[in-house]
Amino acid sequence: MSKLVAVIGQGYVGLPLAMGAVDAGFDVVGVDVDERRVTRLAAADSFIEDITSAQLRAALDSGRYRPTSRWSDADGADIFAITVPTPLREGAPDLTYVEKSGEAVARLLRPGATVVLESTTYPGTTDQVLVPILERGSGLRAGTDFHVGYSPERIDPSNRTWGLANTPKIVSGIDPPSLERVQAFYDTFVQRTVPVSSTRTAELAKLLENTFRHVNIALVNEIATVTPQLGVDIWEAIDAADSKPFGFMRFTPGPGVGGHCLPIDPSYLLWQVRQTSRSDLRIVSAANEINDHMPEYVVRRVQAGLNARRKAVNGSRILVLGLAYKKNVGDIRESPALDITKQLLALGADIRVVERHTDAEALPDGVDRVELDADVLRWADAVVLLTDHDGVDYDLVSRTADYVFDTRHRCQGESVEVL
Ligand SMILES: NC(=O)c1ccc[n+]([C@@H]2O[C@H](COP(=O)([O-])OP(=O)(O)OC[C@H]3O[C@@H](n4cnc5c(N)ncnc54)[C@H](O)[C@@H]3O)[C@@H](O)[C@H]2O)c1
């Protein structure tokens, strides 16, 4: 009989993991508290770019994947993988979802089972927060009766090159037998697992990866805000620096950072350092400040661009290209483009948005969604490019619009001003 895997949370991380485990031959229940999500999954209607509806249909038809909101369906699972959100609440980690799912898993735990946390979090969450919850709720002892580990997800939505199977996966356990179980599970569908000596190391490695990106983006963003005064094109300078084959890694400026990772994860680390050592991670605080400031900077540049054309934002017609936090995805969580759009609306702009990747109901109040064509480009006093999805005719934008403010360096021509 094949083993039963329960993946808790069927979102951007949990659904691809569930599909990977199905492909590896496991029986998988995908547990989610969001009944609408479960209904969509049961109807083979995928809401995640990386999983096609056909893939989902094949998994359902195989009889080895069952999306459910009933915890009892996961009763007696051999492996529980927890992939629930870890947001911030007033600047502090909010582990409510991890705690609640841990409590539910504890009630279903049987001796010999393995629990692995995948949600991004600060070092110590697995051994100090999750293990006590599991032990309390099950009456069993971690390490003796069941196994526990942490394996951070590295999924990069819409990345066609690196997916779950070919991206190396860090694995860890609270003790050597736990590590062995966790590694054996992922080895069945990930090409290379990278074992580390403790769950805390694995937790920190994930935060280090995301903080590295966050800080480097802040660096180019800050430089981008001073290059206009220097009379230098930041994009040309980045291209030139990128010709160095070692010691430089290309990051590009943009309207700020969004999504579920960069605006949140470095703050988990910052919070923990402040709690435990009373010191600070100054570089993270500075990066937060710089990246958080970018939407306001973009609004100021658009304001100045309109002003140079003898127009005020108030009453101007602004066409926003892209609302998602990054290209080719529909995820608008924490997207700086939302912030910019709301700031422009508050200043009295009349806004239309081109955003094909997101459901209409997710768009902010007061903005109309339109298709990109020459008429709407001529309608606009300003076109503000915030997310550079592929498949958009940037030549048409460059040729037709009176004024383009481009935060992604996709347009060129007389009418274009680049961040
Ligand atoms: N999205 C990414 O690109 C990405 C990449 C790497 C790591 N992560 C991390 O993975 C974790 C999950 O992120 P996500 O993007 O998949 O989130 P998501 O919001 O897409 O999915 C989480 C799912 O968990 C469900 N859920 C919440 N509480 C639950 C509970 N108690 N029991 C069962 N289901 C529950 C939600 O309904 C939701 O469907 C976070 O810690 C995130 O930081 C995300």
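Residues numbered from 1 in each chain as written. Predicted model: local features only at pLDDT ≥ 70, side-chain atom pairs only at ≥ 80, totals over all residues. Heavy atoms only, no water.

Caption draft 1: Region of interest: the overall build of the protein. Along the protein, the regular secondary structure elements total 13 helices and 16 strands. Judged by the C-alpha coordinates and their principal axes, the protein covers about 75 × 50 × 40 Å. Out of the 419 residues in the protein, the part that is buried amounts to 53%. In the protein, the share of contacts with a sequence separation of at least 24, taken over all contacts with a separation of at least 6, comes to 67%. The centroid of the 44 positive side-chain charges in the protein is displaced by 1 Å from the centroid of its 58 negative side-chain charges. (Helix = DSSP H or I, 4+ residues; strand = E, 2+ residues; numbered from the N terminus. Buried < 20%, exposed > 50% of the residue type's maximum accessible area, 1.4 Å probe, protein only. Contact = heavy atoms within 4.5 Å. Lys, Arg positive; Asp, Glu negative; His and termini not counted. Charge placed at Lys NZ, Arg CZ, Asp CG, Glu CD.)

Caption draft 2: Geometry of the nonpolar core. Grouped together as the largest cluster of nonpolar side chains are 38 residues, with contacts concentrated most on Ile8, Phe80, Ile82, Val105, Leu109, Val115 and Leu134. Considering each element in turn, this core owes the most residues, 5 residues, to helix H5 (residues 125–138). If sequence neighbours within four positions are ignored, Val115 has contacts with Phe80, Ile82, Val105, Leu109, Leu130, Leu134, His147, Val148 and Gly149. With 31 residues, the next largest nonpolar core counts Ala18, Leu41, Ala44 and Val190 among its residues. (Core = buried A, V, L, I, M, F, W, Y, C linked by side-chain atoms within 4.5 Å.)

Caption draft 3: Inspection of the packing of aromatic side chains at higher detail. With the rule as written, the count across this model stands at 7 aromatic pairs. When the centroid spacing of 5.8 Å and the interplanar angle of 70 degrees are considered together, the rings of Phe212 and Phe251 count as edge-to-face. Note that Phe212 is positioned in helix H7 (residues 199–230) and Phe251 in the loop between helix H8 (234–241) and helix H9 (265–277), a separation of 39 residues in sequence. Aromatic ring contacts, followed pair by pair, group Phe26, Phe185, Tyr186 and Phe189 into a single cluster. Geometry around Tyr186 places Lys169 over its ring, the cationic atom sitting 4.4 Å from the centre. (Phe/Tyr/Trp six-rings, centres within 6.5 Å; stacked < 30°, edge-to-face > 60°. Lys NZ or Arg CZ within 6 Å of the ring centre and 35° of its normal.)

Caption draft 4: Spatial organisation of the environment of Arg369. Take Arg369: it is sitting in strand S13 (residues 368–369). Spatially, the C-alpha atom of Arg369 lies 32 Å from that of Pro228, the residues being 141 residues apart in sequence. Discounting chain neighbours no more than four positions away, the residues touching Arg369 are Val353, Glu355, Arg356, Thr358, Asp359, Ala360 and Leu363. At 2.5 Å, the side chain of Arg369 and the backbone oxygen of Glu355 are in polar contact. Polar contacts involving the side chain of Arg369 include one to the main-chain carbonyl oxygen of Thr358, which spans 2.5 Å. (Polar contact = N/O pair within 3.5 Å; in protein donor to acceptor, adjacent residues only side chain to side chain.)

Caption draft 5: Broad picture of the sheet that holds strand S11 (residues 317–321). What the 6 strands build is an open sheet, ordered S13-S12-S11-S14-S15-S16; its pairing is parallel. Each having just a single partner strand, S13 and strand S16 (416–418) make up the two edges of the open sheet. Pairing analysis gives 3 bridges linking strand S15 (residues 404–406) to S16, with the strands arranged parallel. Bridging from a neighbouring strand, Phe405 pairs with Glu417 of S16. (Pairing = 2+ DSSP bridges.)

Caption draft 6: Representation of the environment of Val284 within the structure. The topology assignment puts Val284 in helix H10 (residues 282–308). Note: C-alpha distance between Val284 and Asn159 (125 residues apart in sequence) is 26 Å. Setting aside anything within four residues of it in sequence, one finds Val284 in contact with Thr211, Pro266 and Leu270.

Caption draft 7: Summary view of the site of the ligand. In the neighbourhood of the ligand, 27 residues make up the surrounding shell, with Val13, Asp32, Arg37, Thr86 and Thr120 lying closest. Contact between the ligand and Arg37: an oxygen atom at 2.7 Å from a side-chain N or O atom of the residue. Contact distances for the ligand include 3.1 Å between an oxygen atom and a side-chain N or O atom of His260. Coverage of the ligand by the protein amounts to 93% of the 830 Å² it exposes when considered alone. Looking at the shell around the ligand, its residues break down into 12 nonpolar, 9 polar and 6 charged. (Near = heavy atom within 4 Å. Areas by Shrake-Rupley, 256 points an atom, 1.4 Å probe, with all protein chains shown as cover. Nonpolar A, V, L, I, M, F, W, Y, C, P; charged D, E, K, R; others polar.)

Caption draft 8: Highlighting the packing of H7 against H10. At a closest axis distance of 9 Å, the pairing of H7 and H10 adopts a crossing angle of 45 degrees. The pairing of H7 with H10 is recorded here as oblique in orientation. For the crossing formed where H7 meets H10, the hand is left-handed. Contacts between H7 and H10 involve Thr211, His214, Val215, Ile217, Ala218, Asn221, Glu222, Ala224, Thr225 and Pro228 from the first element and Ile283, Val284, Ala287, Asn288, Ile290, Asn291, Met294, Tyr297 and Arg301 from the second. Counted by class, the contact of H7 with H10 contains 11 nonpolar, 6 polar and 2 charged residues. (Axes fitted to C-alpha atoms, helices over the stretch in contact; angles between N-to-C directions. Parallel < 35°, antiparallel > 145°, perpendicular 65-115°, else oblique. Left-handed = near helix turned anticlockwise from the far one by under 90°.)

Caption draft 9: Quick peek at the pairing of S11. Buried residues dominate S11, accounting for 4 of its 5 residues. When S11 meets strand S12 (residues 350–354), the two strands line up parallel, connected through 5 bridges. For Leu321, the partnering residue across the bridge sits in S12 and is Val354. Each parallel crossover has a hand, and the one from S11 via helix H11 (residues 336–346) to S12 is right-handed. (Right-handed = clockwise from strand over helix to strand, strands pointing away.)

Caption draft 10: Examining the environment of Thr211 more closely. Structurally, Thr211 is set in helix H7. In this structure the C-alpha to C-alpha distance between Thr211 and Pro263, which are 52 residues apart in sequence, comes to 9.6 Å. Setting aside residues no more than four positions away along its own chain, Thr211 makes contact with Pro266, Leu269 and Val284.

Caption draft 11: Layout of H8. For H8, every residue scored as buried is listed here: Ile234, Trp235 and Ile238. The arc that holds every buried residue of H8, seen down its axis, measures 100 degrees, which confines them to one face. Opposite the packed face of H8, turned more than 90 degrees from it, sit the exposed residues Glu236 and Ala240. On the buried face of H8, the contacting elements are H7 and S16. Between a side-chain oxygen at the N-terminus of H8 and the backbone nitrogen of Trp235 the separation is 2.9 Å; the capping residue is Asp233. (Arc of directions from axis to C-beta.)

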